[in-house]
Amino acid sequence: MSLKKLALNISMPAQSIRKGGTAMTQHWRIFLARSAPPGAILDFSAAEFALEVAVNLRYCLNLVRPTPECIDLADLVLLRARNYGEARMGHNPQLFAEAEDALAKATRLLEIELEYCAKQNMKGRCERAA
């Protein structure tokens, strides 16, 4: 993963996404999807991957009103992403597979919590509008 690709992935500020109002409430999904492992690439860097995940998680959290659980799960995803990067660089297939599975599970838990946060955010907007 090149630094140029990383810069492209993080160049869209969350504030520009937020302007759309209710139609834009699911945009956190775009950033969460960018936190997935990159697949088979030759120039993988554990540090770049962890940085990319951290930035995308930050955008996700900026698009909702995160609960304490949401923040804890984002921390867990970042930890799992670091573990994944280290396992991938270590060339141990068993550790790599376990780390990839742990990252996927943590990401799924965060996705569920972000969905809850997004719904609560929409509910709050509707109540304020009424």
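Cut-off values and rules
Residues numbered from 1 in each chain as written. Predicted model: local features only at pLDDT ≥ 70, side-chain atom pairs only at ≥ 80, totals over all residues. Heavy atoms only, no water. Phe/Tyr/Trp six-rings, centres within 6.5 Å; stacked < 30°, edge-to-face > 60°. Helix = DSSP H or I, 4+ residues; strand = E, 2+ residues; numbered from the N terminus. Buried < 20%, exposed > 50% of the residue type's maximum accessible area, 1.4 Å probe, protein only. Disulfide = S-S within 2.5 Å. Core = buried A, V, L, I, M, F, W, Y, C linked by side-chain atoms within 4.5 Å. Axes fitted to C-alpha atoms, helices over the stretch in contact; angles between N-to-C directions. Parallel < 35°, antiparallel > 145°, perpendicular 65-115°, else oblique. Left-handed = near helix turned anticlockwise from the far one by under 90°. Contact = heavy atoms within 4.5 Å. Nonpolar A, V, L, I, M, F, W, Y, C, P; charged D, E, K, R; others polar.

*Asks:* Before we go on, may I ask you to explain the packing of aromatic side chains in this structure?
*Replies:* On inspection of all chains with the given rule, the structure shows five aromatic pairs. Look at Tyr84 and Phe96: their rings are 5.4 Å apart centre to centre, the planes differ by 40°, and that puts the pair in the tilted class. Here Tyr84, found in helix α5 (residues 68–89), pairs with Phe96, found in helix α6 (residues 93–129); they are twelve residues apart in sequence, far enough to count as distant. With a relative accessible area of 1%, Tyr84 lands in the buried category.

*Asks:* Is there a simple way to explain the state of the cysteines in this structure?
*Replies:* Considering all chains together, one arrives at zero disulfides under this definition. You can see Cys60 has no disulfide; the closest cysteine sulfur is in Cys70, sitting 8.4 Å from it. The buried category is assigned to Cys60, whose relative accessible area is 1%. No disulfide involves Cys70; its nearest neighbouring cysteine sulfur is the one of Cys117, lying 3.8 Å away. Note on Cys70: relative accessible area 0%, which makes it buried.

*Asks:* Sorry if this is basic, but what is going on with the nonpolar core here?
*Replies:* For soluble globular proteins, the rule of thumb is that nonpolar side chains tend to be buried together. By size, the foremost hydrophobic cluster in this structure holds 28 residues, and its most contacted members are Trp28, Leu110 and Leu114. The set of elements that each furnish at least two residues to this core consists of α3 (28–33), α4 (46–62), α5 and α6.

*Asks:* Explain the environment of Asn62 to me, please; I cannot follow it from the model alone.
*Replies:* You can see Asn62 is positioned in helix α4. Asn62 gets classed as partly exposed once you look at its relative accessible area, which sits at 27%. Separated by 34 residues in sequence, Asn62 and Trp28 have C-alpha atoms that sit 8.4 Å apart.

*Asks:* Can you walk me through the packing of α4 against α5 in this structure?
*Replies:* When two helices pack together, their arrangement is given by the angle between the helix axes and by the axis-to-axis distance. Between α4 and α5, whose axes approach to 9 Å, the crossing angle comes to 165°. When the axes of α4 and α5 are compared, the pair comes out roughly antiparallel. As α4 packs across α5, the resulting crossing turns out to be right-handed. Contact residues: Ala46, Phe49, Ala50, Val53, Ala54, Leu57 and Leu61 in α4; Cys70, Ala74, Val77, Leu78, Ala81, Arg82, Tyr84, Gly85, Glu86 and Met89 in α5. Across the contact of α4 with α5, the residue classes break down as 14 nonpolar, one polar and two charged.

Keep in mind these values describe shape, not function.
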